[in-house]
Amino acid sequence: MAGTLYLCATPIGNLEDMTFRAVRVLREADLIAAEDTRNSVKLLNHFEIQTPMTSYHEYNKFEKGRKLVEKLSEGKNIALITDAGTPGISDPGEELVRMCHEAGITVTAVPGAAACVTALTISGLPTRRFAFEAFLPPEKKEREAVLSSLEKEQRTIVLYEAPHRLVKTLKLLAERLGDRQVSVCRELTKRHETVYRSTLSGAASYYEEHTPKGECVLVVEGLSRETIEQEEQERWTQLSIEEHMEYYLSQGIDRKDAMKKTAKDRGMQKREIYNYLEKIKNS
């Protein structure tokens, strides 16, 4: 009978956030696959966990992943941990989970800390809908594609960033997304946890003068519906009312409905469109 892969969340800073279940699963597993064994051994020693460890990271995820799947197929239970937080979120655990599903191996999660959700909940920005983008891609073409999609994103946006790239990223986001509200969350769950709320440009200026330390989570305001409607109205008003009407009439829409649509697009009353067209016709 095949074993089970356990995705075990570990603290993102405060060791008291380790769950009782995670400690038990890590003790009972046959093997722990860790992103960085040198880092994880400190955690295991703190909780007196003596389970053998092996490395599983971005640079060996395919070769080591196949070996781990073999062990799972033989009936071994394996616990996967990342340096901090929940495995599979912006780390190579995603690949191992995929391989296990393809091999018919059971995967379950031992939930706990996750930096993206922690930052979102304390950001003061809307939490009902959000888009998690992790780190912006380093490759220019891919990064451009992500930024283009974020320009019209209405959900709250959650991004990760390293402290030495924080100011550059804040400026880039301000340039591409407009000067939206942002909460910069640092040192989450630790003694010096901070949430700095400002605009993207304001946060960039602040961190140019106050060198950030620790990994950062950026929670960025989504594009408001009001802004989208305003941008659409501005786009339509680049056309004359006659051109706007012709746009709809050329699609086979009758004159009455074309006036209605034109009025809605431009934030006007239908009567205003009618009166304008009558004035033009009679002039």
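Residues numbered from 1 in each chain as written. Predicted model: local features only at pLDDT ≥ 70, side-chain atom pairs only at ≥ 80, totals over all residues. Heavy atoms only, no water.

J.: Help me get a handle on the side chain of S40, residues and values and all.
T.: With respect to the secondary-structure elements, S40 resides in helix α2 (residues 37–46). On the basis of relative accessibility, which here comes to 3%, the residue S40 falls in the buried class. Among residues more than four places away in sequence, those in contact with S40 are A34, M53, I81 and T82. (Helix = DSSP H or I, 4+ residues; strand = E, 2+ residues; numbered from the N terminus. Buried < 20%, exposed > 50% of the residue type's maximum accessible area, 1.4 Å probe, protein only. Contact = heavy atoms within 4.5 Å.)

J.: Help me get a handle on the pairing of strand β7 (residues 156–161), residues and values and all.
T.: When you tally the buried positions in β7, you get six out of six residues, the bulk of the element. Side chains T156, V158 and Y160 of β7 all project onto a buried face; the interleaved residues I157, L159 and E161 project onto the opposite face, where all are buried too. By the bridge criterion, four bridges tie strand β6 (residues 130–134) to β7 in an arrangement that is parallel. Paired with A131 across the strands is I157, a residue of β7. Note on the crossover from β6 through helix α6 (residues 140–150) to β7: the handedness is right-handed. Across five bridges, the pairing between β7 and strand β10 (residues 216–220) is antiparallel. Bridge pairing in β10 places V158 opposite V219. (Pairing = 2+ DSSP bridges. Right-handed = clockwise from strand over helix to strand, strands pointing away.)

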